[in-house]
Amino acid sequence: QVQLVESGGGLVQAGGSLRLSCAASGRTFSRYAMGWFRQAPGKEREYVAGISRSGVNIDYADSVKGRFTISRDNAKNTVYLQMNSLKPEDTAVYYCAADETVFIPSLPRSYDYWGQGTQVTVSS
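Residues numbered from 1 in each chain as written. Predicted model: local features only at pLDDT ≥ 70, side-chain atom pairs only at ≥ 80, totals over all residues. Heavy atoms only, no water.

Caption draft 1: Structural context of the overall build of the chain. Across its full length, the chain carries 0 helices and 11 strands. Relative to a compact globule of 124 residues, whose C-alpha radius of gyration would be 14 Å, the chain shows 13 Å and is just as compact. Expressed as lengths along the three principal axes of its C-alpha atoms, the size of the chain is roughly 40 × 25 × 25 Å. Across the 124 residues that make up the chain, the buried fraction comes to 44%. Carbon and sulfur atoms make up 47% of the accessible area of the chain, which totals about 6,200 Å². Of the charged side chains in the chain, 13 are positive and 11 negative, and the gap between their average positions amounts to 3 Å. (Helix = DSSP H or I, 4+ residues; strand = E, 2+ residues; numbered from the N terminus. Rg over C-alpha atoms; globule rule 2.2 N^0.38 Å. Buried < 20%, exposed > 50% of the residue type's maximum accessible area, 1.4 Å probe, protein only. Areas by Shrake-Rupley, 256 points an atom, 1.4 Å probe, with all protein chains shown as cover. Lys, Arg positive; Asp, Glu negative; His and termini not counted. Charge placed at Lys NZ, Arg CZ, Asp CG, Glu CD.)

Caption draft 2: Just the packing of aromatic side chains, in detail. Per the counting criterion, the structure on display carries 6 aromatic pairs. Taken together, a centroid distance of 5.6 Å and an interplanar angle of 70 degrees make the contact between F37 and Y47 edge-to-face. With F37 in strand 4 (residues 33-39) and Y47 in strand 5 (residues 46-51), this pair connects stretches of sequence that are 10 residues apart. Across this residue pair, the class does not change: F37 and Y47 are buried. A centroid spacing of 5.0 Å and a plane angle of 55 degrees characterise the contact between F37 and W114, whose relative ring orientation is tilted. A residue pair is termed long-range when its members are at least 10 positions apart, and F37 in strand 4 and W114 in strand 10 (residues 113-114) qualify at 77 residues. The class of F37 is buried, set by a relative accessible area of 0%. Judged by its relative accessible area of 27%, W114 falls in the partly exposed class. (Phe/Tyr/Trp six-rings, centres within 6.5 Å; stacked < 30°, edge-to-face > 60°.)

Caption draft 3: Examining the nonpolar core more closely. Core analysis: the largest hydrophobic core is formed by 35 residues, its most contacted members being L4, M34, W36, L81, M83 and Y94. Those elements giving two or more residues to this core turn out to be strand 1 (2-7), strand 3 (18-26), strand 4, strand 5, strand 7 (68-73), strand 8 (78-83), strand 9 (92-99) and strand 11 (118-123). (Core = buried A, V, L, I, M, F, W, Y, C linked by side-chain atoms within 4.5 Å.)

Caption draft 4: Structural detail: the pattern of salt bridges. Scanning all chains against the criterion turns up 5 salt bridges. When the shortest N-O distance is used, the salt bridge between D62 and K65 registers 3.1 Å. On the basis of relative accessibility, which here comes to 66%, the residue D62 falls in the exposed class. Across the pair R67 and D90 runs a salt bridge whose closest N-O atoms are separated by 2.7 Å. (Salt bridge = Lys/Arg side-chain N within 4 Å of Asp/Glu carboxyl O.)

Caption draft 5: Spatial organisation of the sheet that holds strand 3. Taken in spatial order, the 4 strands line up as 1-3-8-7 in an open sheet, and their pairing is antiparallel. This sheet does not close on itself; its edge strands, each paired only once, are strand 1 and strand 7. Neighbour-to-neighbour, the strand axes of the sheet open up by a mean angle of 15 degrees, direction not taken into account. Pairing of strand 1 with strand 3 involves 6 bridges; the strand directions are antiparallel. Bridging across to strand 3, V5 finds its partner in A23. (Pairing = 2+ DSSP bridges. Axes fitted to C-alpha atoms, helices over the stretch in contact; angles between N-to-C directions.)

The following block contains the structure:
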């Protein structure tokens, strides 16, 4: 079992920045690829970014490429999502997820563990 807790969400103006954190507890964090997803009201959960177990391999959705940066600190059992140049369309609940795999899955169903989510609201 892995427990995930997100933090760092909030209200920010367009063009601003936020840094999300996801703290993991339970089994060895470095066994898991980590992903960030988001879900806006009335929309399906969508992939934002993913990072491999070691942090060497990283992947982004086209919609956030160049604006968001995913990273992890295996010594602190934490994955981060630095979000810059935020847009109103980035408004959503953001979730982190963990999957015990060498790959970086982009589908929600591939992930075994999820956090409770943190709200990000970007005002125009």
